[in-house]
Amino acid sequence: MITLSLCMIVRDEEAVLARCLDSAQGIADEIVLVDTGSRDRTKEVAARYTDRIYDFPWRNDFSAARNYALSLARMDYCFWLDADDVIPEKSREALRNLKSALPPETDLVMLRYDMGFGPDGTPSCSFFRERIWRNRAGYRFEGRVHEAVPLAGNIRREEISIEHRKAAVPYSRRNLDIYEAMRAEGQPFGPRDQFYYARELYYHQQYPEAVEQFLLFLDRPDGWKENQMEACRILSFCYRAQGRREEEGEALLKTLAYDLPRGEVCCELGRYFLDGGRYAQAAWWYRQALSADPKLEEGGFVNPACYLEIPAEGLRRCREALGGRFC
């Protein structure tokens, strides 16, 4: 059986930290918690679960803090969670079984990440993330914001879910401010930085600036396919917010240059034509969404509702608009 070091970075997480650490009981063989400047009872809560609590001065770099936590790990494999993550009961048993049965040649394990839950408990976004990897094998986070561990070695994918149960708080400027500081410092943006910088601009309703940055990202030869398709989709939102309808449709159709259409884009195209009163075209795209492959294994952001509920409702609206005729 392998052993796991749960490596976390936290700051002002007293409201959710116990929930997270309770869910990791019986899975983590040690907990390494790095605090980046809490002013609440975070460390007091953490002390109920571990004595391995360390301070790390915050310097606007998530990877630096996470890699410090990794450097303190003593078990066979490293495992990370955010404080507002939860391991659901079904996943706890699966993770315990995985610890017993993980093939010895495995270097890194991808687990499913679910977030944005509806009243029925269905996530609005799911994707795979690197979650467990061999300790002292050179794996490190990269990126000051939206940090990730580059995939390498013998990789295994498991249908085990971690749930991101974020508290309802106003979306902060923290990430955008870090990117703006990087720009001011003249630090070059990699493709991942470029994509997430544009997305942060969109989240903060800076639509002209977001359009500029998304187009810069899409002009790069080194972007990841899934991010390219998602960039086109969010670019269409930016155009829609500015009333640039023709460009909105063009941005959505541009996703076809990268791969077969995903359900998320098919639903947006259905909505686009439905808004324009072009019901036959809208229905065609909603039917494509119903038959689309979510391709969760590709690593992109997947909204399960875009493959069933949303297109079904779109088709109902199209039939209603056409007087009940088949469409």
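Structure report, in brief. All figures in this text were calculated on a predicted structure; none of them were measured in a lab. (Residues numbered from 1 in each chain as written. Predicted model: local features only at pLDDT ≥ 70, side-chain atom pairs only at ≥ 80, totals over all residues. Heavy atoms only, no water.)

Right, let's talk about the overall build of the protein for a bit. The number of helices and strands found in the protein is 12 helices and 8 strands. Counting only C-alpha atoms, the protein reaches 65 × 45 × 40 Å along its principal axes. The proportion of buried residues among the 327 residues of the protein is 53%. The contacts in the protein between residues at least 6 apart in sequence include a share of 67% that link residues at least 24 apart. (Helix = DSSP H or I, 4+ residues; strand = E, 2+ residues; numbered from the N terminus. Buried < 20%, exposed > 50% of the residue type's maximum accessible area, 1.4 Å probe, protein only. Contact = heavy atoms within 4.5 Å.)

Now for the packing of aromatic side chains. Throughout the structure, instances matching the rule amount to 20 aromatic pairs. Ring centres of Trp58 and Phe62 lie 4.8 Å apart, and the angle between their planes is 70°; on these two criteria the pair is classed as edge-to-face. Looking at Phe62, the relative accessible area reads 12%, which means it is buried. Taking 4.9 Å as the distance between ring centres and 90° as the angle between the ring planes, the aromatic pair formed by Phe127 and Phe301 counts as edge-to-face. Remark: Phe301 occurs in the loop between α11 (279–291) and α12 (309–321) and Phe127 occurs in strand β7 (residues 123–134); sequence separation between them is 174 residues. Given the relative accessible area of 8%, Phe127 is considered buried. (Phe/Tyr/Trp six-rings, centres within 6.5 Å; stacked < 30°, edge-to-face > 60°.)

Let's shift gears to the pairing of β7. Most of β7 is tucked away, with 10 of its 12 residues classed as buried. Both strand β4 (residues 77–80) and β7 contribute to a ladder of 3 bridges, which runs antiparallel. Its bridge partner being in β7, Cys78 is matched across the sheet by Trp133. Note: strand β6 (residues 108–117) against β7, 9 bridges, orientation antiparallel. What sits directly across from Met115, in β7, is Cys125. Linkage of β6 to β7, two consecutive antiparallel strands, is achieved through a turn of 5 residues, within which Gly121 is found at a positive phi near 85°. (Pairing = 2+ DSSP bridges.)

Taking 1.5 Å per residue as the helical rise, helix α7 (residues 207–219) with its 13 residues ought to reach 18 Å, and the 18 Å between its terminal C-alpha atoms agrees with that figure. Here α7 has its buried residues at Tyr207, Ala210, Val211, Gln213, Phe214, Phe217 and Leu218. Packed against the buried residues of α7 are α5 (174–184), α6 (191–203) and α8 (225–241). (Expected span 1.5 Å × (residues − 1).)

The next thing to look at is unusual backbone geometry. One non-glycine residue with positive phi stands out, namely Arg136, at about 60°. Tracing the sequence through the fold places Arg136 in the loop between β7 and β8 (155–164). Residue classification places Arg136 among the exposed residues on the basis of a relative accessible area of 62%. With a phi close to 50°, His146 is a non-glycine residue in the positive phi region. As for its placement among the helices and strands, His146 is situated in the loop between β7 and β8.

For the rest of this paragraph, the subject is the packing of α8 against helix α9 (residues 245–253). Direction vectors running N to C along α8 and α9 enclose 175°, while the axes themselves pass 8 Å from each other. Of the possible angle classes, the one that applies to α8 and α9 is roughly antiparallel. Contact with α8, carried on its side by Cys232, Arg233, Leu235, Ser236, Tyr239 and Arg240, involves Glu247, Glu248, Ala251 and Leu252 of α9 and no other residues of that element. Looking at side-chain class alone, the contact of α8 with α9 contains 5 nonpolar, 1 polar and 4 charged residues. (Axes fitted to C-alpha atoms, helices over the stretch in contact; angles between N-to-C directions. Parallel < 35°, antiparallel > 145°, perpendicular 65-115°, else oblique. Nonpolar A, V, L, I, M, F, W, Y, C, P; charged D, E, K, R; others polar.)

Below, the discussion takes up the sheet that holds β7. Strand order in the open sheet made by the 8 strands is β3-β2-β1-β4-β7-β6-β8-β5, with mixed pairing throughout. Looking at strand neighbours, the two that pair on one side only are β3 (53–55) and β5 (85–86), the edges of this open sheet. Bridging between strand β2 (residues 30–35) and β3 involves 3 bridges; their strand directions are parallel. Considered in β3, the bridge of Val34 is made with Tyr54. Against the sheet, helix α4 (residues 89–101) contacts β1 (4–10), β4, β6, β7 and β8, and its axis sits at roughly 150° relative to β8.

Among the structural elements, Cys232 can be located in helix α8. It is 5.2 Å that separates the C-alpha atoms of Cys232 and Ala251, two residues lying 19 residues apart in sequence.

Moving on, we come to the environment of Leu151. In this structure, Leu151 sits in the loop between β7 and β8. Judged by its relative accessible area of 48%, Leu151 falls in the partly exposed class. Between the alpha carbons of Leu151 and Trp133 there is a distance of 9.9 Å; along the sequence they are 18 residues apart. If near-sequence neighbours (up to four positions away) are discounted, Leu151 is found in contact with Leu108, Met110 and Glu130.

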